[in-house]
Amino acid sequence: MDGHGAGVAAISQDFHTMATEDTLRTLCLAESFFCNLYKVGGNMATRKQGDTLCFYINGKKVTENHADPEMTLLPFLREKLRLTGTKYGCGGGGCGACTIMVSRYQPASKTIRHFSANACLLPLCQLHGAAVITVEGIGSTKTRIHPVQERIAKAHGSQCGFCTPGMVMSMYTLLRNRPQPTMEDITQALAGNLCRCTGYRPIIDGCRTFCQEANCCQINGVGECCLNGEKNISEPEQEKQQLFNKEDLLPLDPTQELIFPPELILMAETANPETLTFHGERMTWVLPTSLEELVHLKTSNPNAPLVMGNTNIGPDMKFKGVLHPLIISPTRVMELFEVTQTPQGVWFGAGWSLSEVQSLLEDLVPQFPATKTELFKALIQQLRNLASQQIRNVASLGGNIVSAYPNSDLNPILAAGNCKLSVFSSGGKREVALNQDFFVSLGKTVLKPEEIVVSVFIPFSRKGEFVRAFRQAPRKESAFATVTTGMRVLFSEGSRVVEDVSIYYGGMGPTTVCAAKTCLALIAKPWNDDTLSPVYDILLEELTLPPSAPGGKVEFRQSLTLSFLFKFYLEILQKLREMNVITDELLEKMPIQPLPREIQPGLHEFQNVSKDQSNQDPVGRPIMHRSAISQATGEAVYCDDIPRTEGELFLALVTSSRAHAKITGLDVSEALQVPGVVDVVTAGDIPGKKVRTLEGYDEELLAEKEVSCVGQMICAVLADTRAHAKRAAAAVKISYEDLPEPVFTIEEAVEKSSFFEPQRTIERGNVTEAFKSVDQTFEGEVRIGGQEHFYMETQSMLVVPVGEEAEFKAYVSSQWPTLTQLAIAETLGIPSNRVTCHVKRIGGGFGGKICKTAILASITSVAAWKTNRAVRCVLERGEDMLITGARHPVLGKYKVGFMNDGRIVAADLQYFTNAGNTVDESVSVVEKILFHVDNVYNIPNLRGRGAACRTNLPSNTAFRGFGVPQSAFVVENMINDVAMVLGRPADQIRETNMYKGLSLTHYKFEFSAENMLRCWEQCKAKSDYDARRRAIEQFNQQSRWKKRGMSIIPIKHGNAITERSSNQAGALVHIYQDGSVVVTHGGIEMGQGIHTKLQQVASRELHIPASKIHISETSTNTVPNSSASAASFTADSNGMAVKNACQTLYQRLVPIRENNPKGSWETWIKEAFSEKISLSATGFYGGPDIYMDWEKMEGRPHAYFVFAACCCEVELDCLTGDYTTVRTDIVVDVGRSLNPSVDIGQIEGAFMQGLGLYTMEELKFSPSGLLYTRGPSQYKIPAVCDLPLQFNIYLLPDSDNPHAIYSSKGIGEPVLFLGSSVFFAIKDAAAAARLQSGLVGPFSLDSPSTPERACLACASVFTQKIPVSKLNGTD
Ligand SMILES: Cc1cc2nc3c(=O)[nH]c(=O)nc-3n(C[C@H](O)[C@H](O)[C@H](O)COP(=O)(O)OP(=O)(O)OC[C@H]3O[C@@H](n4cnc5c(N)ncnc54)[C@H](O)[C@@H]3O)c2cc1C
Ligand code: FES
Ligand code: FES
């Protein structure tokens, strides 16, 4: 990276001793002048004239005379400049959707620094003198696309596309700094960019093409480079299958990039830069230019924060509503950016960003002997794992320290390392030690409000001194630590006797804490087992947490403190041994070889199309998602990208803060006073039906008299801007009278018989009788937590009144426009023919944009109807998570009867789901659960019972898999328990009990199990299961604290919606006179590539290239009465409808073609037009006859089954619960794939979503029913760091499916369950750890197997020291 990184070479003199006197003299002189200018008292209601903000965006100069200090760059780009390529995903720096590149000229080094940043946190006023590049600035389809955009698109790295511009910009910034990056650089650059669709592998593969390292094709097998030795000759010579062609990619040409604007260089070089001030409606922003000015400002306004990176202050203002009338931003104060070396260490300016501190340290380390840089290296390690690159690029060193987060990663290591601060105020300069006295309380330090940290001293380490940092977080990267620590020990020369030791922890209370007693117990003692053994107990006593400690995870956090100390002990012991200070035999404690961090290229096997297939026919080929390029350039239009219309209003919702209460008052008077507010909509305003009826229950659109969960919608505020609407919504006052005994958990609901009816039972054989004849029985239970959809595009809609005959146009991010249309019509009391619903594409849905979306659109339509103005509603991430519900958490109980040879003879499974406060689709979810209670097993006596519990939590809803992931998980857990009871490998019990040949399910649905067994066997073979199992056993024998585990898990998944009328589909195909074709159908493009697949279908049927076919949008006025895009059946049904329409048209052209057999498509169409042949046709597909008779317990509830198997291996750190997925192999029967790249993308994405469900995603509620986890900071979905190191996908060859188009199968949902194979591999590894402690047999591990649960399950000596109170339930 250029920029400040180079600055170390030019380290200045000791500024701390020289500058102080002069500085203070100037301060005093300047005092009276500044006093009047900046002292901002009280309310800044009226806007003053401020300075002009000047910066560049995409090479164009922006001058803003009224820069609003409350505005960040994101709304400025999207709303003011209409640069909508930069997306909103969370608003808090946690998702990377808003990533842009900032470049700044640095006069001191005369270099330009390019860095990625989150536009959602970048204050507009901070940008003076900066050049910003957004996704639109690097390439477009109108000019030239950038190689990054091209490669991510062509590698199939863009599905719904909502994350793509952010990914592109992170990668683009990396390339601006390093045109030939390493894989490590790439994974670091993308660590802060979340994608909910792709599973990251294709994005990584696209970016990998920029690396110089060999991109091995793995033709010699996994881990075997093709360049080593002979090519594997046992493989038949065949054309290598590739998902994309690397040969035809545009080269990266750095000379084509936008140059840094020379005007900004001149501005930066100005000798006397002027102080800048910007005034907004409520805030003033000042950019001082010197330390003296800064000190003065801070003295006059001690409560005004100093904003550097805005990564603490920004989220506080946004999410907690904190208002700072004045903000001082010292980014132009040079003294905060100095680096000064002394014989004892280095002073770093407090203004340096964390990335810059990291690169400064990295530059320094090689310049000194290793013994001097122990602290530097520990800091580098901690910095690499702290937040994301975008955050580290802006967050400042001083900001991190002064923010005094309880789990700051830097403070424990800085404190343990004896660092100190140089602090300035009008009273002068002082040095403050960073020790236990520095941290006073949550977010508070000993610094006085007016004090400014100018620099931070980081000392060199001494001979015999060792420093280490450890952290454990819910996710490896981009996550605040659960516990983090800094540890330093100094030994007497040449001995193992401790002379000095310092240990600090973060995450163990409201402040960074010092384990002083523990340290005392170590001083003057030899570094050995005898010393350490009693010290763990001292530490445990010293850092105890009450059971109700904020942040929860009490046992885990305590055990981590011990584990970290133990790790420190081991590492230092090893070090002493290497230095020949000791000669102890450490074999058992030797740290084992760490896993490689780099993601290997994966294998993808799919069937090539037959040689006879015409070159023009795209069916079966890996065609790129048809919008991938526009998604990568930011041109793709999502709902909130639609330009504002004249007079448009923004709608903000007001939701209940009580779980169960009567509404006793609603006061909107204050809200109506907020500038720009137009109206408030309540239930009383609804002209038509006030409820939506689902599964026989009514759900109120807006609560009128009573609320039944926190987050229930009560009213909506309408204002001219988002900011005004949000502010006014916060000002609405609602009074409540609590109703007794809200129900939150499944247990409470069961106790109170609080269910949505009907409850369901299904049974084959005679379970009760069969239990009498088995060798053994076992009873168990397991929980699986809920899962937030976390589609990257939040719920969004725009309702526009047409202005006559009560017509409305609704642009909605919905998976089911027909339902939205119907809901709006019913709500407004108008016929459906007055409402048209349009969906261009949606930024992910996963089942979460069906029912609640219709309700939200209905409320928005009432606002549009009432005001007769266009109304837009786009939920913020936190609101979306609060209001819209999630996947149903499930408690599964089972009793299983089996023979000693492993045959399961009887099983009785009971499922309770937490449905929340309304039924939504909960009964249907329970039904789907019961259809899959057999998974792939032929259990002759099988009973499944299911109930949807009614609770006072936000209503849960459909989510990819619709109950199957919960159902099959309980089944597989049961099989695992049987294996453990019998002491046999789980895969053998699975094989023994699988369906074989032509089979009947427990609801008498006939199917062939052949492909299921083929998937299983091929998965075992491809993964080299038996050999690796033996290798794992060997590894586990040698390794005490890291264990490996492996599992192979099968799935049989029923596709289609279990309702006869719900799988029908329609299409409308027009051919225009120039021969171009437009296809419309009822399916929604939500990233799953349906438009791409159906373009392929139309191309085959019309015998024309796909390039002549366009798919514009889905709308209710082109294709009416569509079904929901769900249940992995959308391409099947809509594909058939498109085929039907195209065949009709092609048939109509027969006479024309026969008349002119040599003619072209264009000439035939012209002739057809002259002959007055209709060139427009509808297509229809009725869908399979699906039914279920619950009385008889039989039916055909699905169209067909998809089969798959997945083998995963993990390595688990038993001391911390941290795990890595070493390898994943998945074999899937997708029939004859319509598009292997799209299908493989769906498989990888679903698997990663499943990995999230079963290992990391946790919804947490307060005791009063408030969802705590309302954003990516608290709720972790998988990121790049969670990708298996080796990820191989094989599509089962030679598979046919007579039940879907061209013998294909739908694949959106089935593979999600296979993420559980990571869970079971973790459980396997934990079993190995338990075995070492003498624990055998079944043990309980709930899903998700977070580091917390996995660590506690390992039952190490450390976790066993902690009195374990019952872990919280997951619902
Ligand atoms: C998504 C996200 C993830 C994060 N993950 C982590 C993580 O894993 N580990 C971790 O440790 N941190 C993490 N952070 C916190 C982040 O590191 C801090 O917010 C950041 O370092 C604060 O620096 P800033 O410059 O942005 O502070 P600002 O928000 O600009 O200011 C913060 C506070 O510091 C004060 N301040 C700033 N500079 C000075 C100074 N020189 N003298 C006196 N006071 C000063 C300000 O007055 C203000 O009160 C994360 C933050 C976000 C948003
Ligand atoms: S929107 Fe900025 S990081 Fe999520
Ligand atoms: S493609 Fe990444 S979120 Fe959809």
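The structure displayed is predicted, hence computed values, not measured ones.

Participant: Please clarify how the site of ligand 1 should be interpreted in this entry.
Facilitator: By nearness alone, 32 residues border ligand 1, and Met308, Thr311, Ser396, Tyr405 and Asp409 come closest of all. Within the side chain of Tyr405, an N or O atom sits 2.8 Å from an oxygen atom of ligand 1. Alone, ligand 1 offers 980 Å² of accessible surface; in the complex the protein occludes 93% of this. Those elements that provide at least two residues to the shell around ligand 1 are α14 (397–403) and β15 (452–459). With five residues, the top contributor of residues to the shell around ligand 1 is α14.

Participant: Sorry, what's going on with the sheet that holds strand β16 (residues 465–472) here?
Facilitator: Hydrogen bonding along the main chain pairs the strands of a sheet, whether they run parallel or antiparallel. Strands sit in the order β16-β17-β18-β19 across an open sheet of four strands; the sheet is antiparallel. Two strands close off the open sheet at either side, each with one partner strand: β16 and β19 (513–514). By the bridge criterion, eight bridges tie strand β17 (residues 483–491) to strand β18 (residues 498–506) in an arrangement that is antiparallel. When the sheet's bridge partners are listed, Met487 is paired in β18 with Ile503. Packed on one face of the sheet, helix α12 (residues 374–385) meets β16 and β17 and runs near 10° to β16. Taken strand by strand, helix α18 (residues 554–578) contacts β16, β17 and β18, and its axis lies near 145° from that of β16.

Participant: Would you mind going over the side chain of Thr1255 with me for this structure?
Facilitator: For Thr1255, the location among the structural elements is in helix α36 (residues 1236–1255). With relative accessibility at 0%, the residue Thr1255 sits in the buried group. At a separation of 2.8 Å, a polar atom in the side chain of Thr1255 contacts the side chain of Tyr1219. Those residues in contact with Thr1255 that lie beyond four places of it in its chain are Tyr1219, Val1318, Phe1319, Ile1322, Pro1344, Ser1345 and Thr1346.

Participant: Mind showing me how you'd approach unusual backbone geometry here?
Facilitator: Note: most peptide bonds trans; most residues except glycine with negative phi. Residue Pro758 follows Glu757 across a cis peptide bond; omega there is 0°. Position of Pro758 relative to the elements: it lies in strand β29 (residues 755–764). Notably, Glu741 is not glycine yet its phi reads approximately 45°, a positive angle. Within the element layout of this structure, Glu741 appears in the loop between β28 (733–738) and α22 (746–751). One non-glycine residue with positive phi stands out, namely Ala1056, at about 95°. With respect to the helices, strands and loops of the structure, Ala1056 is situated in the loop between β40 (1042–1055) and β41 (1065–1071). Among the residues examined, Ala1056 registers a relative accessible area of 1% and is labelled buried.

Participant: I'm lost on the packing of helix α11 (residues 354–364) against α12 in this one. Help?
Facilitator: Describing two packed helices takes the angle between their axes plus the distance from one axis to the other. Interaxial distance between α11 and α12 falls to 9 Å at its minimum, and their mutual angle equals 145°. Both α11 and α12 take part in a crossing whose hand is left-handed. Across the interface between the two elements, Leu354, Val357, Gln358, Leu361, Glu362 and Leu364 of α11 pack against Phe376, Leu379, Ile380, Leu383 and Arg384 of α12. Among the residues making up the contact of α11 with α12, the classes are represented as eight nonpolar, one polar and two charged.

Participant: Teacher, can you tell me more about helix α28 (residues 964–982) here?
Facilitator: Owing to its 3.6 residues per turn, the α-helix brings residues three or four apart onto one side. For α28, which comprises 19 residues, the first-to-last C-alpha distance of 27 Å matches the rise-based estimate of 27 Å (1.5 Å per residue) to within 8%. Burial analysis of α28 places 17 of its 19 residues in the buried class, the great majority of the element. Where α28 terminates, the next one or two residues include Gly983, which has phi positive at roughly 65°.

Participant: Explain the nonpolar core to me, please; I cannot follow it from the model alone.
Facilitator: The tendency in soluble globular proteins is for nonpolar side chains to be buried side by side. If you look at the biggest cluster of nonpolar residues, it comprises 206 residues, and the most contacted ones within it are Leu909, Ile1226, Phe1247 and Leu1314. Among the elements that line this core, the one with the most residues is strand β48 (residues 1200–1213), at eleven residues. One finds Phe337, Leu383, Leu397 and Phe439 within the second-largest nonpolar core, a separate group that totals 95 residues.

Participant: Would you mind going over the packing of α18 against helix α38 (residues 1347–1354) with me for this structure?
Facilitator: Relative to each other, α18 and α38 sit at 70°, their axes nearing to 10 Å. Between α18 and α38, the angle falls in the class roughly perpendicular. Where α18 crosses over α38, the handedness of that crossing is left-handed. Across the interface between the two elements, Glu555, Phe556 and Ser559 from α18 touch Pro1347, Glu1348, Cys1351 and Leu1352 from α38. Residue composition of the contact of α18 with α38, by class: four nonpolar, one polar and two charged.

Participant: What should I look at first to understand the confidence of the model for the protein chain in this one?
Facilitator: Across the protein chain, the average pLDDT comes to 93, with 93% of residues at or above 70. Throughout residues 1–46 the model reports pLDDT below 50, and contacts reaching past four residues in sequence, or to other chains, amount to 80 contacts. In the model, residues 216–238 has pLDDT below 50 throughout and makes 29 contacts with residues more than four positions away in sequence or in other chains.

Participant: Would you take a moment to explain the pairing of β15 for this structure?
Facilitator: The two faces of the sheet receive side chains in turn, since in a regular strand these alternate between them. Most of β15 is tucked away: eight of the eight residues are buried. Sheet analysis places strand β10 (residues 345–349) next to β15, joined by five bridges and oriented antiparallel. Bridging from a neighbouring strand, Val346 pairs with Ile458 of β15.

Participant: So what exactly am I meant to see when it comes to the sheet that holds strand β50 (residues 1286–1291) here?
Facilitator: The five strands are arranged β20-β50-β49-β48-β40 in an open sheet whose pairing can be described as mixed. On the outer flanks of this sheet lie β20 (604–605) and β40, each paired with one strand and no other. Relative to β50, strand β49 (residues 1219–1229) is paired through six bridges, and the arrangement is parallel. The residue of β50 that forms the bridge with Val1228 is Leu1291. Contacts from helix α37 (residues 1316–1332) reach β40, β48 and β49 within the one sheet, and its direction differs from that of β40 by about 145°.

Parameters and conventions
- Residues numbered from 1 in each chain as written.
- Chains lettered and ligands numbered in written order.
- Predicted model: local features only at pLDDT ≥ 70, side-chain atom pairs only at ≥ 80, totals over all residues.
- Heavy atoms only, no water.
- Near = heavy atom within 4 Å.
- Polar contact = N/O pair within 3.5 Å; in protein donor to acceptor, adjacent residues only side chain to side chain.
- Areas by Shrake-Rupley, 256 points an atom, 1.4 Å probe, with all protein chains shown as cover.
- Helix = DSSP H or I, 4+ residues; strand = E, 2+ residues; numbered from the N terminus.
- Pairing = 2+ DSSP bridges.
- Contact = heavy atoms within 4.5 Å.
- Axes fitted to C-alpha atoms, helices over the stretch in contact; angles between N-to-C directions.
- Buried < 20%, exposed > 50% of the residue type's maximum accessible area, 1.4 Å probe, protein only.
- Left-handed = near helix turned anticlockwise from the far one by under 90°.
- Nonpolar A, V, L, I, M, F, W, Y, C, P; charged D, E, K, R; others polar.
- Expected span 1.5 Å × (residues − 1).
- Core = buried A, V, L, I, M, F, W, Y, C linked by side-chain atoms within 4.5 Å.
- Parallel < 35°, antiparallel > 145°, perpendicular 65-115°, else oblique.
- pLDDT = per-residue confidence, 0-100.

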